[in-house]
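What follows is the residue order along each chain.
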Amino acid sequence: MFNTIDDLEPEQRLLMRVDLNAPVDDGAVQDNRRFARHAETIAELIDDGHAVALMAHQGRPGRDTFVTLEQHADILADHVGEDVDYVPSTYGDEALDAIAELESGDVLVLENVRMTDDELADRTPEEHGESDLVQTLAPEFDAYVNDGYSVAHRPHASIVGFPQVMDSYAGRVMAEEYEYNTSIERREFDGKVTMVLGGTKVEDVVAAMENLDEKVDQFLLGGIVGQLFLRSEGYEIGIDTPEGPGLYDESWDENEDTIREVKERYGDRISLPVDVAREGEDGERVTERVEDAADHPDEYLDVGEETVEAYQPHVRESEAVLVKGALGVFEMEQFSHGTVGVLRAVAETDCYSVVGGGDTSRTVTMYDLGEENFDHLSIAGGAYLRALTGAPLPAVEALEAAAER
Ligand SMILES: Nc1ncnc2c1ncn2[C@@H]1O[C@H](COP(=O)(O)OP(=O)(O)OP(=O)(O)O)[C@@H](O)[C@H]1O
Ligand SMILES: O=C(O)[C@H](O)COP(=O)(O)O
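The residue count restarts for each chain, going from 1 along the sequence in the order it is written. Each chain takes a letter, starting from A, and each ligand takes a number, starting from 1, following the order in which they are written. Residues qualify for local features only when their pLDDT is at least 70, as the model is predicted, and side-chain atom pairs are given and counted only at 80 or more; totals for whole chains, interfaces and linings, by contrast, use all residues. Remark: hydrogens and water are excluded; side-chain values derive from all non-hydrogen atoms of the structure.

Chemist: Any details on the UniProt feature "binding site: (2R)-3-phosphoglycerate" (unreviewed entry) in the protein chain? Residues and values, ideally.
Modeler: UniProt positions are given in the numbering used here, feature names are shortened, and annotations may be inferred rather than shown by experiment. Per the UniProt record, the feature "binding site: (2R)-3-phosphoglycerate" (unreviewed entry) sits at R34, R114 and R154. A run of DSSP states H or I qualifies as a helix once it reaches four residues; a run of E qualifies as a strand once it reaches two. Both are numbered from the N-terminal end. Positionally, R34 belongs in helix α1 (residues 33–47). Relative accessibility under 20% of the residue-type maximum defines a buried residue, over 50% an exposed one, and the middle range a partly exposed one, all with a 1.4 Å probe and only protein chains included. The buried category is assigned to R34, whose relative accessible area is 8%. The contact rule is simple, with two residues in contact once any of their heavy atoms fall within 4.5 Å. If near-sequence neighbours (up to four positions away) are discounted, R34 is found in contact with D19, N21, S150, G358, I379, A380 and G381. Among all residues touching R114, those that are not within four sequence positions of it are H57, G59, R60, P61, F66, E119, L120, V151, R154 and H156.

The following block contains the structure:
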C-alpha cells in the first residue's frame with residue numbers, strides 16, 4: 001500500500017502532481033470537477049502549514065488544447081479561496097526562483113509539465129527518475145505528493161519519476177478514487193451490467209472494451225467512439241478531434257482492425273447509434289439517420305432521439321450502469337440530449353451507477369441530474385476504465401514502491 005498525506009511531517013515543502021486537464025474553448029480554459037476536488041486537498045495541506053508547488057499538464061503537444069497553466073492558476077484560486085501563483089517555467093531558473101520564495105501556506109503552479117522534453121519521453125520509471133526534470137526539482141522539496149488519480153494511467157516523468165528519488169505520498173483524491181474505483185472491479189452484480197461509452201478518447205475506450213467481456217453484458221456507444229464504430233460498418237461518418245487526431249486518418253487501418261475484432265467478439269452486445277444530430281443552417285438541431293450521414297460526415301455532435309429511446313430500456317433493466325465519456329457535445333445544450341437522456345434514465349433507475357470522465361462527470365451538476373442519484377462520480381476517465389479491467393496504474397505502482405523503500 002502507499003503512504004498518504006496523513007503520514008506527512010508538518011510544515012513541509014511539497015511538490016504535488018495534480019490533474020487540471022480541462023476543455024479549452026477558443027483559448028479559454030473551462031472549469032471542471034477536477035479543480036474543485038484538488039482544491040480540497042490543497043486547502044487541507046496549506047491549512048497544515050505546508051508550502052505547495054503544483055505540477056500538472058494541459059492537452060497534448062500539437063493540439064489546440066495544449067496551452068499554458070496561467071488560467072488554471074486563476075480557476076484554482078477561486079476554488080481554494082486563497083492566492084495561487086503561476087510561473088511560466090517548469091524547472092528553469094524562473095521556476096527555481098519562485099520555488100525558493102515559497103513559504104508556509106503558499107501555492108504555486110509550475111508551467112504545463114508536457115512543455116518539457118522529459119515528461120513524455122519513452123523511458124522506464126528508473127530512467128525518468130534520472131531525468132533533468134526530476135533531478136532539478138526533487139532537491140528543492142521535502143516530499144512529493146501525487147493527487148492526480150485521473151492521470152495515474154500515464155507512465156510519465158512527473159508521475160513515476162519523482163517517487164524514485166523522493167519520499168512520496170498519495171493525496172486525498174488519489175487515495176479516495178483509487179479505493180473506490182478498485183472496489184468496482186471486485187463487485188459482483190446479480191443482474192445485467194450495462195456500460196455507456198462515448199467521448200473522444202477512442203483508444204482508451206477500445207482498449208478497455210477488449211478486457212471487459214466478463215464484467216459487462218451490454219455496451220451502448222455514442223460520441224466519437226460510436227461514430228468510429230459506425231465507420232467500421234461502412235457508414236461515412238466521423239471526425240478527428242483535438243484529443244484523437246489520426247484515429248480517422250493515418251491510423252484508421254490499425255484502428256479499424258481493433259474495432260472489428262471487438263465487434264466480432266461482442267456481436268449484439270454492442271449497441272450503436274441509429275441516428276445522429278448536427279447543427280443546421282440557423283443553428284438548430286437537425287437529426288438524421290446514420291444511413292444519410294454521408295453528406296455531412298464530420299458534423300455530428302450528438303446521437304439522435306431514436307438512439308436514446310433504444311438505449312434507455314437497457315439502462316432501466318440493468319443492475320449496474322457504468323458510464324465513461326459523453327454521447328455528444330453536452331457542453332452545447334442542443335447537443336446534450338443524448339448524454340442527458342441516458343444519464344437521466346440512470347438517475348431514475350434504482351441501479352448501481354458510476355459516471356467517469358473529467359468532463360463527462362460534470363454533466364450531472366450542469367443539468368441538475370442530482371449527484372445523490374449516482375453511486376460515484378469519478379473525475380477520472382482512462383484511469384477509471386483501467387481500474388475496471390483490473391489493470392495496474394503506473395502512478396499507484398510508483399507510490400507503492402516508494403513506500404516499500
Ligand atoms: N460527436 C462529438 N463530437 C465532438 N466531441 C464530442 C462528441 N461527442 C462527445 N464529445 C466530447 O466528449 C467529451 C467527453 O468525453 P471524453 O471521454 O473525451 O472526456 P472525459 O469525460 O473528460 O474523460 P477523460 O477524463 O478520459 O478525459 C465532451 O467534452 C464532449 O464534448
Ligand atoms: O484528461 C485526462 O483523461 C487525463 O488528464 C489524461 O490526459 P491524456 O489522455 O492527454 O494523457
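Chemist: Before we move on, could you go through helix α9 (residues 223–232) and cite the residues and values that matter?
Modeler: The element α9 is extensively covered by neighbouring structure, given that nine of its ten residues are classed as buried. Those residues of α9 not exposed but buried are G223, I224, V225, G226, Q227, L228, F229, L230 and S232. The inward-facing, buried residues of α9 contact β9 (193–197), α8 (202–209), β10 (218–221), α10 (252–266), β11 (270–271) and β14 (300–303).

Chemist: Lay out the packing of aromatic side chains with the relevant residues and their values.
Modeler: A pair of Phe, Tyr and Trp rings is counted when the ring centres sit within 6.5 Å of each other, with Trp represented by its six-membered ring. The angle between the planes then sorts it: under 30 degrees is stacked, over 60 is edge-to-face, the rest tilted. In total, this model carries four aromatic pairs according to the counting rule given. With a centroid separation of 5.5 Å and an interplanar angle of 65°, the aromatic rings of F2 and Y178 are classed as edge-to-face. Linking F2 in the segment before β1 (13–17) with Y178 in helix α7 (residues 172–186), this pair joins segments that are 176 residues apart in sequence. Accessibility classification places F2 together with Y178 in one group, the buried group.

Chemist: Please set out empty space enclosed by the protein residue by residue, giving values where relevant.
Modeler: Each cavity reported here is a set of points on a 1 Å grid over the protein atoms alone in which a 1.4 Å probe fits but cannot get out, each pocket an open set with protein on both sides within 12 Å along at least five of seven lines, and each lining residue one with an atom within 4 Å of a point. Grid points are joined across faces, edges and corners, and a volume is the space filled by probe spheres set on the points. All chains considered together, the criterion is met by one cavity of 30 Å³ or more. Roughly 40 Å³ of internal volume is contained in the largest cavity. Around the largest cavity sit G222, G223, G226, Q227, P273, V276, D302, V303 and L327, which together line it. Those elements giving two or more residues to the lining of the largest cavity turn out to be α9 and β14.

Chemist: Residues and numbers for the site of ligand 2, please.
Modeler: The rule for a residue being near a molecule or strand is that one of its heavy atoms must lie within 4 Å of it. Every residue near ligand 2 is listed here: D19, N21, R34, H57, R60, R114, S150, R154 and K201. Here a polar contact means two N or O atoms within 3.5 Å. Within protein one must be a hydrogen donor candidate and the other an acceptor candidate, and residues neighboring in sequence count only if both atoms are side-chain atoms. R154 has a polar side-chain atom sitting 2.6 Å from an oxygen atom of ligand 2. The separation between an oxygen atom of ligand 2 and a polar side-chain atom of K201 is 3.0 Å. Summarising the interface, the protein chains cover 94% of the accessible area of ligand 2, which totals 310 Å² for the free molecule. Classes in brief: Ala, Val, Leu, Ile, Met, Phe, Trp, Tyr, Cys and Pro nonpolar; Asp, Glu, Lys and Arg charged; the others, Gly included, polar. Partitioned by chemical class, the residues of the shell around ligand 2 number no nonpolar, three polar and six charged. Reported accessibility uses the Shrake-Rupley method at a 1.4 Å probe radius. Residues are deemed covered only where the shown protein chains occlude them.

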